[in-house]
Amino acid sequence: MKQVATIAGFDSNGSAGLAADLHAFFADGVYGHGVLTAAVAENSKRITATQTMPVDFVKDQLNALTDFPIGAAKTGMLANRGIIEAVADAAQQVQGVPLVVDPVIVTKQGDRLVPDDAFEVFCRRLLPQADVLTPNFIEAATLVGETLATPEALLDAALYLQKMGAKNVVIKGKHPQTGEEPVISSLVLLADGESFWVNNSFIKAQKANGAGDSFSAIIAAELAKGRSVMEAIERANDFVVAAIRHPTGVGKQFGPLNHWAGQDWLRGDD
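This one's a predicted model, so the numbers in the text were calculated from it and none came from an experiment.

A. Looking closely at helix α2 (residues 55–64). Taken together, the buried positions of α2 are V58, Q61 and L62. Axial view of α2: buried residues confined to an arc of 100 degrees, hence all on one face. Considering only its buried residues, α2 is in contact with β1 (3–11), β2 (31–42) and α3 (81–93).

Dropping the structure here:
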């Protein structure tokens, strides 16, 4: 049994963060461990309260995981400088374990989720340890400090992120605006310099919380199984597409992906 760890926040409705990661790990047939960094009280409409874990408690959880043969790990919400430093320290101590970094640093509206000192430490200490970095369009623009208005700008941003230390970069495409072709195009830049686009038809769905979390979680799971980075990214993409395409009935407004549908797709592809 391959074992994978997620270091992330927990959404009480189970649709995103650590909960979505564990759903994705289970769907992909790996055992999931979790390090809790924060928690939010959330229903299908709004977040009503948040709580960040003490840094020492995060360190205790990370130390506890040394008892297990972790095959890959991924990060999600890391709320402050101390937590980011603790995770970066732990990553340095387990060289050779693939690390997928999902930079949960900014909202889809462009609002920063972490303070400036935490953002600086993230860029300096954790990003360079990423075997795969998976920012969305807004997060990539924030990391490079540029407006990404063209495909060429996206490639330049991915190259810049590689210069910052990330080995492989996936910049997830933005949702199409009114009048644009209904396609989401994500850019992949591999460590060897090869780049390619992953194009998906846009699926308009309210109940699709945790898509980015699940995407990075499946990449980590597939790397733990010994897949190449390219294979892991492609399988994660198809998993999320299947999970969005078959919505669940959970939640009155926003809700989770259908990880069962993603699981069915993975089993069929194998």
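B. Geometry of the nonpolar core. Membership of the largest hydrophobic core comes to 46 residues, with the highest contact counts inside it found for F122, L126, L143 and L148. Setting aside anything within four residues of it in sequence, one finds F122 in contact with I84, V101, P103, L127, P128 and L143. F25, I218, A220 and L257 belong to the second largest nonpolar core, which has 30 residues in total.

C. Just the sheet that holds strand β7 (residues 168–171), in detail. As summarised here, the arrangement of the nine strands in space is β3-β2-β1-β4-β5-β6-β7-β8-β9, forming an open sheet in which the pairing is mixed. The sheet is open, and its two borders are formed by β3 (47–52) and β9 (195–201), each paired with just one other strand. Where β1 lies against β2, nine bridges are found, and the strand directions are parallel. Within β2, the residue paired with V4 across the bridge is G32.

D. Summary view of the environment of Y31. The topology assignment puts Y31 in strand β2. Put simply, Y31 and A79 are 48 residues apart on the chain and 25 Å apart in space, counted from C-alpha to C-alpha. Setting aside residues up to four positions removed in sequence, Y31 forms contacts with M1, K2, Q3 and V4.

E. Examining the pairing of β3 more closely. Summarising burial for β3: zero of the six residues are buried, a small minority. Pairing of β2 with β3, which is carried by five bridges, proceeds in the antiparallel orientation. Looking at the pairing, A41 lines up with A49 of β3. A loop of four residues connects β2 with β3, the two strands running antiparallel in sequence.

F. Inspection of the side chain of N200 at higher detail. By secondary structure assignment, the location of N200 is in strand β9. Polar side-chain contacts of N200 include one of 2.6 Å to the side chain of N237. When sequence neighbours within four positions are dropped, the list of residues in contact with N200 reads P182, V183, I184, N237 and V241.

G. Helix α1 (residues 17–27), seen in detail. Across the eleven residues of α1, eight count as buried, placing the element largely inside the fold. Restricting attention to buried positions, one finds in α1 the residues G17, L18, A19, A20, D21, A24, F25 and A27. Looking at the buried residues of α1, the elements they touch are β1, β2, β4 (72–75), α7 (211–224), α8 (229–245) and α9 (259–269). Downstream of α1 by one or two residues, G29 has phi in the positive range, about 80 degrees.

H. Representation of the packing of helix α5 (residues 137–144) against helix α6 (residues 151–163). It is the contact of α5 with α6, at a shortest axis distance of 10 Å, that shows an interaxial angle of 60 degrees. One element, α5, and the other, α6, form an angle in the oblique class. The way α5 lies across α6 gives a crossing that is left-handed. In contact with F137, L143 and V144 of α5, α6 contributes L154, A157, Y160 and L161. Classifying every residue of the contact of α5 with α6 by side-chain character gives seven nonpolar, no polar and no charged.

About the cut-offs
Residues numbered from 1 in each chain as written. Predicted model: local features only at pLDDT ≥ 70, side-chain atom pairs only at ≥ 80, totals over all residues. Heavy atoms only, no water. Buried < 20%, exposed > 50% of the residue type's maximum accessible area, 1.4 Å probe, protein only. Helix = DSSP H or I, 4+ residues; strand = E, 2+ residues; numbered from the N terminus. Arc of directions from axis to C-beta. Contact = heavy atoms within 4.5 Å. Core = buried A, V, L, I, M, F, W, Y, C linked by side-chain atoms within 4.5 Å. Pairing = 2+ DSSP bridges. Polar contact = N/O pair within 3.5 Å; in protein donor to acceptor, adjacent residues only side chain to side chain. Axes fitted to C-alpha atoms, helices over the stretch in contact; angles between N-to-C directions. Parallel < 35°, antiparallel > 145°, perpendicular 65-115°, else oblique. Left-handed = near helix turned anticlockwise from the far one by under 90°. Nonpolar A, V, L, I, M, F, W, Y, C, P; charged D, E, K, R; others polar.

Just distances and angles here, no functional claims.
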